[in-house]
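Here is how the chains run, residue by residue.
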Amino acid sequence: MRLTVIGSSGSVPGPASPSSSYLLEADDADGRTWRVLLDAGSGALGVLQRFCDPRDLDAVLISHLHPDHCADLAHLDTYLSYHPDGPAEPVTVYGPFGTAGRIAQLKGTDEHSAALPCVVWQASGHTRIGPMLVTVESVRHPVPAYAFRIEGPSEDPATASAILTYSGDTDECDGLEVAAADADVLLCEASFLETDDAPEGLHLTGLAAGQVAERARAGRLILTHIPPWTDCPSVHAEAASAYDGPIDLAHPGLRVEL
């Protein structure tokens, strides 16, 4: 599997990044490349086009329905529906209950999107998309939210599969621990610092993200969803105080082979 960061800014778009969005690609046994978009936050569709034609997406996985994770579904609907080459094949959107209505709301209509048919997540349920097996776990956030555990082909011929875990937005919780266990890459939000007067049940700190990665025995930690007003080096330092493995700060264009 290949992960490309499309947008990594937390809560709002930043001056150098759209809101949360990540492209995951995997090749099946016949050589076909499958493309899945994890979240579609504000501004993501523009950057996505640097790396693939949105009409080549096979699915979109939405962690929750806050706009910094789903707002560009409206633009994706427009791109698929009105491209001059003609309407594209529908792209299935997997998301929480209410996703179809949320897309309609973002479009300013009462009609559900024909271009983006929706499937509702079931906690601890499994979904196969090409060579990738997706398991979702309910996590702690003010709205229904899910972490993704995605198992797919590995670049290492000695390893049968690789595991990517994406936290979505969450505070510490059992669902995140289950999703993150033994992940090769943990793509984890870290919106707060320990010095912030942060409310519970909303987001992780850099320290908490590092602690989750350490407990999970994750092979690599990528810190993401850092708001423009939060100091990235400080988030990195907090995570490094709890986790001994390699740590990256997500940014658009960062590419990782699993």
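A short tour of the structure in this document, coming up. Going along each chain's sequence as written, the residues are numbered from 1 onward. The predicted nature of this model means local features are confined to residues of pLDDT at least 70 and side-chain atom pairs, given and counted, to a pLDDT of 80 or more, with totals for whole chains, interfaces and linings taken over all residues. Side-chain figures throughout are based on the complete set of non-hydrogen atoms in the structure, without hydrogens or water.

Re the pairing of strand 1 (residues 2-7)
Each residue is placed in one exposure class: buried if its accessible area under a 1.4 Å probe, protein chains only, is under 20% of its type's maximum, exposed if it is over 50%, and partly exposed if it falls in between. Only DSSP runs of H or I reaching four residues or more are called helices, and only runs of E reaching two or more are called strands; each is numbered from the N terminus. The buried count for strand 1 comes to five of six residues, which makes it a mostly enclosed element. Note on pairing: two strands pair once DSSP finds at least 2 bridges between them. In this sheet, strand 14 (residues 255-257) lies alongside strand 1 in antiparallel orientation, the contact comprising three bridges. Looking across to strand 14, one finds that Arg-2 is bridged to Glu-257. Bridge analysis of strand 1 against strand 2 (residues 21-27) gives five bridges, and the strand direction is antiparallel. Counted as the bridge partner of Arg-2 is Glu-25 from strand 2.

Things to note about the nonpolar core
One recurring pattern in soluble globular proteins is that nonpolar side chains are buried together. Buried Ala, Val, Leu, Ile, Met, Phe, Trp, Tyr and Cys residues form a nonpolar core when they are joined through side-chain atoms within 4.5 Å. Core analysis: the largest hydrophobic core is formed by 30 residues, its most contacted members being Met-1, Leu-3, Leu-38, Leu-61, Phe-148, Ile-150 and Leu-164. Secondary structure elements with two or more residues in this core: strand 1, strand 2, strand 3 (33-38), strand 4 (59-61), strand 8 (132-138), strand 9 (146-152), strand 10 (162-166) and strand 11 (185-189). Excluding its chain neighbours within four sequence positions, the residues that come into contact with Leu-61 are Val-36, Leu-37, Leu-38, Asp-39, Tyr-94, Trp-121, Ile-129, Val-134, Phe-148 and Ile-150. In what follows, a contact means two residues having at least one pair of non-hydrogen atoms within 4.5 Å.

Structural notes on the pattern of salt bridges
The term salt bridge refers to a side-chain nitrogen of Lys or Arg lying within 4 Å of a carboxyl oxygen of Asp or Glu. A complete count under the given rule lists 13 salt bridges for this structure. As a salt-bridge pair, Asp-53 and Arg-55 come within 2.8 Å of each other at their nearest N and O atoms. Arg-55 sits in the partly exposed class, given a relative accessible area of 25%. Note that Glu-200 is salt-bridged to Arg-140, the shortest N-O span being 3.6 Å. Here Glu-200, found in the loop between strand 11 and helix 6 (206-216), pairs with Arg-140, found in the loop between strand 8 and strand 9; they are 60 residues apart in sequence, far enough to count as distant. Among the ionic contacts, a cluster of salt bridges with common partners joins Glu-25, Arg-35 and Arg-255.

Regarding the layout of surface pockets
Approximately 220 Å³ is the volume attributed to the largest pocket. Buriedness for pockets is judged along seven lines, at least five of which must meet protein on both sides within 12 Å for an open set on the 1 Å grid over protein atoms alone, while cavities are sets there where a 1.4 Å probe fits but cannot get out, and lining residues have an atom within 4 Å of a point. For the largest pocket, the lining is made up of 18 residues, of which Ser-8, Ser-9, Ser-17, Ile-226 and Cys-232 are closest to its centre. Under the scheme applied here, ten amino acids are nonpolar (Ala, Val, Leu, Ile, Met, Phe, Trp, Tyr, Cys and Pro), four are charged (Asp, Glu, Lys and Arg), and all others, including Gly, are polar. Here the lining of the largest pocket is built from residues that sort into 10 nonpolar, eight polar and no charged. Estimates place the volume of the second largest pocket at around 180 Å³. Forming the walls of the second largest pocket are 14 residues, and the residues nearest its centre are Phe-192, Glu-194, Ala-198, His-203 and Thr-205. Residue composition of the lining of the second largest pocket, by class: six nonpolar, three polar and five charged. Grid points are joined across faces, edges and corners, and a volume is the space filled by probe spheres set on the points.

Overview of the sheet that holds strand 3
Taken together, the seven strands give an open sheet; going across it, the order is 6-5-4-3-2-1-14, and neighbouring strands pair in mixed fashion. Strands at the two margins of the open sheet, each flanked by one partner only, are strand 6 (118-120) and strand 14. Strand-to-strand twist across the sheet, computed as the mean angle between neighbouring axes with direction ignored, equals 20°. Angles here are taken between N-to-C directions and fall from 0 to 180 degrees, while the axes themselves are lines fitted to C-alpha atoms, restricted in helices to the stretch in contact.

Re the side chain of Ser-113
By secondary structure assignment, the location of Ser-113 is in the loop between helix 4 (99-107) and strand 6. For Ser-113, the side chain forms a polar contact with the main-chain nitrogen of Leu-116, separated by 3.0 Å. Other than its neighbours up to four places away in sequence, Ser-113 contacts Asp-77, Ile-103 and Lys-107. Between N or O atoms, a polar contact is any pair within 3.5 Å; within protein, one atom must be a potential hydrogen donor and the other a potential acceptor, and residues adjacent in sequence are included only when both atoms are from side chains.

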